[in-house]
There are 2 protein chains.
Amino acid sequence: MLYRQLTLKDIAKELNTSVSTVSRALKDHHSISPEMKKKVNDLASRWDYHPNPTALSLLKNKHYTIGVVVPEIAQNYFSIVMEGIEDAANQAGYHVMFCLSKEILQREINVVNTLLNNRIDGLIIAPSKETVSHEHLDCIVNRGMPLIFIDRYCEAVPASRVLGDDYNGSFSAVEHLILTGRKRIAHIAGPETLSNSNPRLSGYLDALKKHRIPADKELIVHCDLTQASAIDCINRLIGLKKLPDGILTYNSSIAFQVMPVVKEKGLKIPEQIAFVGFANEPIISYIEPQLTTVIQPAYDIGWEAVNLFLDQQADEDYAATPKTKILPTQLVIRGSSVKSSALHAGLRHA
Amino acid sequence: MLYRQLTLKDIAKELNTSVSTVSRALKDHHSISPEMKKKVNDLASRWDYHPNPTALSLLKNKHYTIGVVVPEIAQNYFSIVMEGIEDAANQAGYHVMFCLSKEILQREINVVNTLLNNRIDGLIIAPSKETVSHEHLDCIVNRGMPLIFIDRYCEAVPASRVLGDDYNGSFSAVEHLILTGRKRIAHIAGPETLSNSNPRLSGYLDALKKHRIPADKELIVHCDLTQASAIDCINRLIGLKKLPDGILTYNSSIAFQVMPVVKEKGLKIPEQIAFVGFANEPIISYIEPQLTTVIQPAYDIGWEAVNLFLDQQADEDYAATPKTKILPTQLVIRGSSVKSSALHAGLRHA
DNA sequence: AATATTTACGCAATCCATTGCGTAGAAGTC
DNA sequence: GACTTCTACGCAATGGATTGCGTAAATATT
């Protein structure tokens with residue numbers, strides 16, 4: 001029952017002329033008389049004519065559509081990234097095809113392949129934690145289609161990347177813990193398959209090294225991002241003979257899941273254990289105690305990814321030289337790492 | 001530099017046959033010899049041939065794409081709705097075009113119009129708070145294209161709706177406050193232009209009426225969803241001579257913004273003022289005090305919206321009879337409305 | 001007056017897959 | 001031998017917009 005869309009042919013028939021004349025009249029081609037142009041344009045605007053985008057896509061092999069694949073958007077981080085992507089895309093006249101991988105490699109492969117079959121002009125992706133193979137991504141690069149990694153990337157795939165500054169974010173967080181007197185700092189790290197777990201771990205280790213605190217393997221545990229794993233991690237840490245006095249968590253979700261366990265154990269935050277996490281949720285200001293966080297530039301990551309895509313579109317040879325943009329993080333110190341009295345007293349160090 | 005996609009013509013040329021024979025061979029048409037079918041299919045799978053979706057779209061006027069327009073996804077609710085939509089669409093072999101209106105009517109009109117020009121098979125939308133005119137939506141219905149409202153709707157537009165049970169959610173929240181002894185219950189309501197503000201207000205009023213508590217106009221304030229407005233609302237309420245002892249907020253964002261103001265004023269939650277809000281964030285369990293919430297079936301709203309779309313696709317005459325699905329909400333009682341001691345003592349009433 | 005140039009338009013191919021129709025040759029029927 | 005039927009394929013149109021090329025007619029040039 002769909003009403004057929006208005007076409008050039010309809011206009012041509014109405015005016016007793018040819019399709020090509022109508023087309024050229026609308027594009028202000030020099031070989032069309034002013035009177036004809038007026039007739040065509042009048043009718044087109046009266047009938048609210050718009051060229052059929054599907055026909056244009058077929059003709060130009062251009063879709064004004066960017067594919068986006070993220071693992072989830074239930075947590076705050078990727079939903080803000082999506083807002084950045086949508087705003088930038090919208091401004092540039094592009095549409096966004098939105099897909100979830102749910103951290104499952106097979107689903108990621110499926111959505112990438114269906115997206116790829118010529119409906120999109122480029123792909124922005126945060127690979128799943130399972131993404132160790134990457135034929136489905138190589139395939140995009142081989143086609144010469146713009147591919148932009150956000151937040152996470154596959155080392156072996158030669159494509160542009162827009163990342164948060166995980167290393168320095170982590171470094172400054174741990175240094176903050178050290179400067180506020182913590183001696184035994186643990187790290188609940190992300191999955192080793194995720195590209196951003198490593199720089200966060202390195203930042204942690206280097207901050208310790210700078211302050212001559214020996215790293216202790218017991219204090220580094222890896223979480224696979226499930227709740228069970230998070231609980232397991234914290235239990236291992238608070239089961240140690242020598243308890244940690246500070247913990248850096250890979251993300252906010254882990255922090256939220258483990259902090260109650262620590263509280264129930266009777267340990268006081270921040271007095272006995274300080275917490276810092278990578279996190280973006282504004283609600284964080286309302287939890288008790290408020291979580292000290294490394295804030296990631298989520299919106300800008302999305303925005304910049306679209307810009308990189310647009311640059312790459314514009315430049316034929318761009319694909320040969322992938323770019324990496326690393327956007328600064330920001331440490332916001334709150335009650336989970338420093339007693340609020342101290343906070344109010346202005347203990348905030350640079 | 002984009003590699004040209006493989007076409008029927010390529011296969012036909014390789015096998016010295018015609019495009020139509022290749023097409024029919026791939027579709028197992030009866031008029032093609034088994035030998036030819038084998039040759040074609042072998043080559044097609046060797047070359048990993050896939051029909052060009054754009055050409056199919058043009059031919060069939062079908063896109064396997066659903067447009068989705070929501071005001072934002074930074075807050076938890078719509079991002080969960082989006083997850084429901086994406087899962088259901090993915091399962092049905094559909095793609096999702098994702099757009100934000102940012103609560104701005106003009107932007108909503110723009111994205112709807114660009115989506116509409118024949119790239120999508122249907123539209124799922126949560127109208128912006130500014131959406132009082134609706135030509136851009138009528139236009140969809142007139143075309144016979146499936147249109148599904150989620151969470152909010154335009155009264156005058158004859159389209160299907162998938163909504164949370166705002167009325168009963170609100171009613172049970174207010175009744176809970178009454179049953180736990182509150183006498184003077186306020187409501188920070190949503191914008192009057194939003195379709196779900198009204199049933200939430202009605203639920204509030206009817207719960208009061210049922211328990212013979214007179215409604216007091218002073219206790220009903222409308223928030224336009226900006227932070228400034230939320231602060232203004234709470235200031236009006238706590239500036240009253242007779243303070244409210246319970247507050248129902250239109251959404252979680254308002255609750256988070258106003259609870260600190262109440263605390264700063266030295267008022268104790270829940271002892272002096274109880275709070276209940278419509279909200280979904282899992283993090284809510286970590287704020288202090290934990291917010292009693294009416295949980296909306298966000299994921300299911302998204303899922304059901306896609307199902308309604310699919311039904312409507314399947315049935316030619318469906319558009320004539322729009323459906324409304326109202327999905328149940330759930331009241332979860334936490335510390336913001338009842339002292340935790342009481343909670344633990346099992347005060348939870350049915 | 002004859003040729004060159006400009007004006008103003010239409011035809012047909014292009015992108016790609018699908019499909020109604022036509023047609024060749026082979027096989028079968030009376 | 002003349003007819004129908006079946007097999008196996010190709011042609012061309014379809015969907016919609018664009019564009020190179022061709023071609024009338026109307027001016028301009030010499």
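Scroll up a little and you will see the structure.
None of these values were measured; they are calculated from a predicted model.

Peer 1: Would you mind showing me how to read unusual backbone geometry here?
Peer 2: Trans is the common state for peptide bonds, and a negative phi is the common state for residues other than glycine. Residue and element names in this part refer to chain A. Each neighbour pair has its own omega, and for I269 with P270 the value is 5°, a cis peptide bond. The phi torsion at N16 lies on the positive side, around 55°, for a residue other than glycine. Using a relative accessible area of 73% as the deciding quantity, one classes N16 as exposed. Residue L225 is not a glycine yet carries a positive backbone phi of 80°. With respect to the secondary-structure elements, L225 resides in the loop between β7 (220-222) and α10 (227-238).

Peer 1: Mind showing me how you'd approach the environment of K27 of chain A here?
Peer 2: In this fold, K27 of chain A is placed in the loop between α2 (19-26) and α3 (34-46). Note: C-alpha distance between K27 of chain A and H211 of chain A (184 residues apart in sequence) is 67 Å.

Peer 1: Any chance you could explain the environment of E304 of chain A here in plain terms?
Peer 2: Residue and element names in this part refer to chain A. Relative to the assigned elements, E304 resides in helix α12 (residues 298-314). For E304, a relative accessible area of 18% puts it in the buried group. In this structure, the C-alpha to C-alpha distance between E304 and Q91, residues 213 residues apart in sequence, is 13 Å. Not counting residues up to four positions away in its chain, the partners in contact with E304 are V162, K325 and L327.

Peer 1: Would you mind going over the protein's contact with DNA strand D with me for this structure?
Peer 2: Inspection of the region around DNA strand D gives 28 residues, with L8, R24 and Y49 of chain A together with S18 and T21 of chain B positioned closest. A share of 58% is what sugar and phosphate atoms reach among the atoms of DNA strand D within 4 Å of the protein. Between DNA strand D and the protein, one listed contact pairs a phosphate oxygen with a backbone N or O atom of N52 of chain A at 3.2 Å. Between T17 of chain B and DNA strand D, the recorded distance is 2.8 Å, taken from a side-chain N or O atom to a phosphate oxygen. Counting only elements with at least two residues in the surface near DNA strand D, the list comes to α1 (8-14), α2 and α4 (53-60) of chain A together with α2 (19-26) and α4 (53-60) of chain B. When grouped by side-chain class, the residues that make up the surface near DNA strand D number 12 nonpolar, 11 polar and five charged.

Peer 1: Explain the pairing of strand β5 (residues 160-164) of chain B here, please?
Peer 2: If a strand is regular, its side chains alternate between the two faces of the sheet. Residues and elements named next belong to chain B. Across the five residues that make up β5, a large majority, five, are buried. Burial along β5 is two-sided: S160, V162 and G164 facing one way and R161 and L163 facing the other are all buried. Where β5 lies against strand β11 (residues 324-327), four bridges are found, and the strand directions are parallel. The residue of β11 that forms the bridge with L163 is I326.

Peer 1: It is not clear to me how the interface of chain B and chain A should be interpreted in this structure. Could you clarify?
Peer 2: Taken together, the contact pairs 53 residues of chain B with 52 residues of chain A. Together chain B and chain A conceal approximately 5,100 Å² of surface at their shared face, both sides included; 56% is due to carbon and sulfur atoms. Scanning the region where chain B abuts chain A turns up six salt bridges. A salt bridge links D87 of chain B to K102 of chain A; the nearest nitrogen and oxygen atoms lie 2.7 Å apart. For the interface between chain B and chain A, the tally reads 22 residue pairs in polar contact (both at pLDDT 80 or more). Looking at the side of chain B that touches chain A, the elements with two or more residues in it are α4, α5 (76-91), β2 (95-100), α6 (105-116), α7 (135-143) and α11 (252-264) of chain B. Considering every element that reaches the side of chain B that touches chain A, the biggest residue donor is α5 of chain B, with eight residues. By residue class, the composition of the side of chain B that touches chain A is 24 nonpolar, 18 polar and 11 charged.

Procedures and definitions
Residues numbered from 1 in each chain as written. Chains lettered and ligands numbered in written order. Predicted model: local features only at pLDDT ≥ 70, side-chain atom pairs only at ≥ 80, totals over all residues. Heavy atoms only, no water. Buried < 20%, exposed > 50% of the residue type's maximum accessible area, 1.4 Å probe, protein only. Helix = DSSP H or I, 4+ residues; strand = E, 2+ residues; numbered from the N terminus. Contact = heavy atoms within 4.5 Å. Near = heavy atom within 4 Å. Polar contact = N/O pair within 3.5 Å; in protein donor to acceptor, adjacent residues only side chain to side chain. Nonpolar A, V, L, I, M, F, W, Y, C, P; charged D, E, K, R; others polar. Pairing = 2+ DSSP bridges. Buried area = accessible area lost by both parts, 1.4 Å probe. Salt bridge = Lys/Arg side-chain N within 4 Å of Asp/Glu carboxyl O.

Note that all results are geometric; they support no functional claim without further evidence.
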